[in-house]
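Secondary and tertiary structure notes
The lines below spell out each chain.
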Amino acid sequence: MSGQQQRTKNVGVWVEESDFLEINITAIGKDILLKIDEATELTIKCKKGLQIMIPDPNKTQANPTKTQAAKREAIAILSPLSSLFLPNLGLRNNSQVISTFGISVKMGNADECCSTQLIDGDGMFNVHGLENFMKEVKLAECGLSYAVVSIMGPQSSGKSTLLNHLFGTNFREMDAFRGRSQTTKGIWLARCADIEPCTLVMDLEGTDGRERGEDDTAFEKQSALFALAVSDIVLINMWCHDIGREQAANKPLLKTVFQVMMRLFSPRKTTLMFVIRDKTRTPLENLEPVLREDIQKIWDSVPKPQAHKETPLSEFFNVQVTALSSYEEKEELFKEQVASLKQRFHQSIAPGGLAGDRRAVVPASGFSFSAQQIWKVIKENKDLDLPAHKVMVATVRCEEIANEKFAYFASNEEWCQIEEDVQTGTVPGFGKKLSLIIGSCLSGYDAEAIYFDEGVRSAKREQLEAKLLQLVQPAYQLMLGHIRSGTLDKFKEAFDKALSGGEGFAVATHGCTKAVMTQFDEECADAVIEQANWDTSKVRDKLRRDIDAHVAAVRATKLSELTALYEGKLNEGLSGPVEALLDGASNETWPAIRVLLLRETESAILGLSSALSGFDMDEQTKDKMLASLENYARGVVEAKAREEAGRVLIRMKDRFATLFSHDSDSMPRVWTGKEDIRAITKTARSSSLKLLSVMAAIRLDDYTDNIENTLSAALVDNVKSAVTNRSITTVDPLASSTWEEVPPSKTLITPVQCKNLWRQFKMETEYSVTQAIAAQEANKRNNNWLPPPWAIVAMVVLGFNEFMTLLRNPLYLGVIFVAFLLSKALWVQLDIAGEFRHGIVPGMLSLATKLLPTVMNLLRKLAEEGAKPPTTDTRGNPLPGSKNFRNGVNTSSAVSSSASSEITSENGTEEYSSSSKQD
């Protein structure tokens, strides 16, 4: 036995030598050793009870793989054997096999109970075992529909036996044959079988045990406080013969219970059921008053806080008393009484039931954490604030549930797909899909957290909802962004199509905007998440601003195109005609320009006004655009006038040249000597002066000015009067920068500029007049080529002797003829008349440099002609060459005569003639 007990203490250790797992099965009568070796041989010794010890890989050095294999083997072996030895053990068909480390092997029906050691003898909380226990019994699904029953009492008082019979558990019972000793160490937890709702039973270590000693009562108090804090019903197991005794074994236990009760801040009302064991013949009606009196005395003697000095016992406890016969002497009666007592535990949490006070109950899913925290506070020797503890448990559990649901949502495949798809475009059914997923998460949270504190549950639900919405908000914003951009693109396409189809701008704008905004609202409604109260007005306003900006840009472009179109028409219709009118300056020039401007402006304004009617513009803007177009037309005319004014001198000279050099039939003039150059010059200059007066100012407004008279008086009449009256000093009317009755903005050429232009004009046209006079003089000389008669008579008289000499000696005549030919040839080759046209000194210098090369060239040509052999053609036909030469000489002579006459007239005749004529 001792060897087997030693192995029981070292449960879960592998025996390396034989490489088999030892499974210790403890029964009431004797131990059973099952050896699972390679041949799967079994040695079974069993009487009552059944328990399998399988090592926990997390707490031992055992091989996890071998542990799981052994577990499977144990299930495979023990299940078929249950029908063989369970009846011999006196166990019911719902018996089970449990492990000491939270690993359980079930046998029988699914409704059978399951147990685990909650706190060991050293006060270590079995977290892993409790979590496995909760999974095994599916405690989290119970919500608030569960009850916790615990039992306290002296050691070896039959607590485990009572629980096994009352609730169908399989707590280890004391082996009476082995002596009375401690059986239950720490606190064990099991689920009751065949009791609704789910009922958990805690078997506490017995008090007043010799194993812990007389002074070691710390664990007793801690376990009692834990049981009061966790349990709805606390069974006080006591012997019947202790009732009425001053030093009975139950009094220290009751003192402990009442003392630790004071450490519970705002405790709930717990049911204390005193179970009187081994009831004697004394009726329960007589025992109960004595027991209640003893309980009251103990309550009164226990020190209490100031707030509970006068608090009655009934405020804290609902005291119940029941009695049971001896199990060993009256087993059948005991079982009947236990079965009757068991009925009281059915529906114990219902109103009026044993566990009626449910104020601080913790939802089943939070039981594990709540028990851990309560035991932690108790171990730290702190007072328990149960309401605060309930809130704390609710906070932690709701936080855990919320985190689980959030993690579930974050890893949800449908959500991940939506999040991925929304990066590139819109997702059909976006809002509905996300609403369903979020709703599923929130519904799952509500289902799991429904029994926790409402305030905490609601707060954590709001936080979960906020976190979920915060997670999906970027995707939602992306969705809205895609909807907005897509709607804007659709608007642009529809708007351009409508305008291209000839639809009015305002009609197209209104129709397209209404259509796309309706579509946007529908798509936004499809994207709305039910759980979110997000406002899409900002995105809608942004879309509307984008549409308005696009419409404004298109309107500005269209208006700019219209304006440019009509401005181009005005520019085309005004520039050319205005230039032509200004070029033919007359008294009707500016009236004609005004008529032209009015006609073209009215036409353009009418066309633009008709085009603007489709833009739904306000009258003020429309009038402003029409006024701008009208101003543009005036600007075109004014710009063209200023441009022409800048070229007025050229225009004046061209007009002068046209009138001076052409006759009335526009044929070029030939100065034959019969023309009146003075009259022609005056007419041409008057016309040029008229051009200057027309170009001096802009006359688009119907007003009169005196510019022409002023210019005529100052530039024409004033010259005549100055020549006539040289001694009279007059004021120059052109000595000013402005014209009378003409605004400065309308002035193109100031009076001073007119005077300077006229002076320059006269200087540049004087040469043409001089040339005309010279041409007349030259023509006169050409027509009178014979010398005067007296010169002829003088030549005959004075040259008679020379003439006779020539007749007597004809050789002189040949020499003179050759000399004439040479001279004529040099005259033509040297272009003597042309050289002297630029002056006498430059002509002499130029002839000096050309004379020798020209003479040498002539001699060379004569030598070449003399060296040629005589031919028949040359001899027979010498005259054409001479004729050509003479013709050339004659032609040159004519040119020379003309040039000579020009030089003469240029040097003296024209100037003096002009002066004499002017005088």
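As the structure is a computational prediction, the values presented were derived from the model and not from experiment.

**Describing the overall build of the chain**
When its secondary structure is counted, the chain shows 28 helices and 11 strands. Burial analysis of the chain (919 residues in total) assigns 42% to the buried set. Put simply, 72% of the contacts in the chain that link residues at least 6 apart link residues at least 24 apart. Surface accessibility of the chain: about 49,500 Å² in total, with carbon and sulfur atoms responsible for 54%.

**A look at a nonpolar patch on the surface**
Side chains of Phe 817, Val 818, Phe 820, Leu 822, Leu 852, Met 856, Leu 859 and Leu 862 sit close together on the surface and give an oily, nonpolar patch of about 830 Å² of accessible area. Within the residue set of the nonpolar patch, elements represented by two or more residues are α24 (810-830) and α26 (840-867). For Phe 820, the location among the structural elements is in helix α24.

**Comments concerning the side chain of Thr 169**
Its location among the elements puts Thr 169 in the loop between α4 (159-167) and β5 (187-191). Thr 169 gets classed as buried once you look at its relative accessible area, which sits at 6%. A polar contact is formed between the side chain of Thr 169 and the side chain of Asn 164, at a distance of 2.7 Å.

**So, the pairing of β5**
With four of its five residues buried, β5 lies for the most part within the structure. Where β5 lies against strand β6 (residues 198-204), five bridges are found, and the strand directions are antiparallel. Paired with Ile 187 across the bridge in β6 is Leu 204. Taking the residues that link successive antiparallel strands as the turn, the β5-β6 hairpin has six residues, and the phi of Asp 194 there is positive, at about 65 degrees.

**Comments concerning the sheet that holds strand β9 (residues 270-277)**
The seven strands are arranged β3-β5-β6-β4-β7-β9-β10 in an open sheet whose pairing can be described as mixed. The sheet is open, and its two edges are formed by β3 (115-119) and β10 (317-323), each paired on a single side. Averaged over all neighbouring strand pairs, the angle between strand axes comes to 25 degrees, with direction disregarded. Pairing between strand β4 (residues 146-152) and strand β7 (residues 233-239): four bridges, direction parallel. Each bridged residue has a counterpart across the sheet, and for Met 152 the counterpart in β7 is Ile 236.

**Considering the side chain of Lys 460**
Note on placement: Lys 460 falls in helix α13 (residues 454-500). Take Lys 460: its relative accessible area is 13%, and that puts it in the buried class. In this structure, Lys 460 is in contact with Thr 395, Cys 398, Glu 399, Ala 402 and Tyr 445, ignoring residues within four places of it in sequence.

**Describing the UniProt feature "binding site: GTP" (unreviewed entry) in the chain**
Per the UniProt record, "binding site: GTP" (unreviewed entry) is found at Gly 153, Pro 154, Gln 155, Ser 156, Ser 157, Gly 158, Lys 159 and Ser 160. Among the structural elements, Gln 155 can be located in the loop between β4 and α4. By relative accessible area, Ser 156 is classed as buried at 19%.

**Focus: the packing of helix α15 (residues 537-583) against helix α16 (residues 589-612)**
Put simply, α15 and α16 touch, their axes get as near as 10 Å, and they point 165 degrees apart. By the angle between their axes, α15 is roughly antiparallel relative to α16. The interaxial crossing formed by α15 with α16 has right-handed handedness. Tallied by class, residues from the contact of α15 with α16 come to 18 nonpolar, four polar and one charged.

**A look at the pattern of salt bridges**
Enumeration over the complete set of coordinates arrives at 26 salt bridges. With its nearest N and O atoms 2.8 Å apart, the salt bridge here joins Asp 521 to Arg 540. Placement of Asp 521 in helix α14 (residues 505-527) and of Arg 540 in helix α15 is noted, with a sequence separation of 19 residues between them. Of the charged contacts, one joins Asp 701 and Arg 634 as a salt bridge, the two residues approaching to 3.3 Å between their closest N and O atoms. Highlighted residues: Asp 701 in the loop between α19 (677-695) and α20 (707-724) and Arg 634 in helix α17 (residues 619-646), separated in sequence by 67 residues. Arg 634 sits in the partly exposed class, given a relative accessible area of 23%.

**Things to note about the confidence of the model for the chain**
In the predicted model, the chain carries a mean pLDDT of 75, and 74% of its residues have values of at least 70. Contacts of residues 1-68 to residues separated by more than four positions or lying in other chains number 129 contacts, the stretch itself having pLDDT below 50. Below pLDDT 50 for its whole length, residues 79-111 participates in 81 contacts with residues either more than four positions away or in separate chains.

**Details of the pairing of β3**
Taking burial as the measure, the five residues of β3 include five buried ones, the bulk of the element. Judged from the four bridges that link them, β3 and β5 form a sheet pairing that is antiparallel. Across the sheet, residue Thr 116 finds its bridge partner in β5, namely Leu 189.

What counts and how
Residues numbered from 1 in each chain as written. Predicted model: local features only at pLDDT ≥ 70, side-chain atom pairs only at ≥ 80, totals over all residues. Heavy atoms only, no water. Helix = DSSP H or I, 4+ residues; strand = E, 2+ residues; numbered from the N terminus. Buried < 20%, exposed > 50% of the residue type's maximum accessible area, 1.4 Å probe, protein only. Contact = heavy atoms within 4.5 Å. Areas by Shrake-Rupley, 256 points an atom, 1.4 Å probe, with all protein chains shown as cover. Patch = residues over 30% accessible without salt bridge, like charges linked within 9 Å, V, L, I, M, F, W, Y side chains within 5 Å. Salt bridge = Lys/Arg side-chain N within 4 Å of Asp/Glu carboxyl O. Polar contact = N/O pair within 3.5 Å; in protein donor to acceptor, adjacent residues only side chain to side chain. Pairing = 2+ DSSP bridges. Axes fitted to C-alpha atoms, helices over the stretch in contact; angles between N-to-C directions. UniProt positions renumbered as here; feature names shortened; annotations may be inferred. Parallel < 35°, antiparallel > 145°, perpendicular 65-115°, else oblique. Left-handed = near helix turned anticlockwise from the far one by under 90°. Nonpolar A, V, L, I, M, F, W, Y, C, P; charged D, E, K, R; others polar. pLDDT = per-residue confidence, 0-100.

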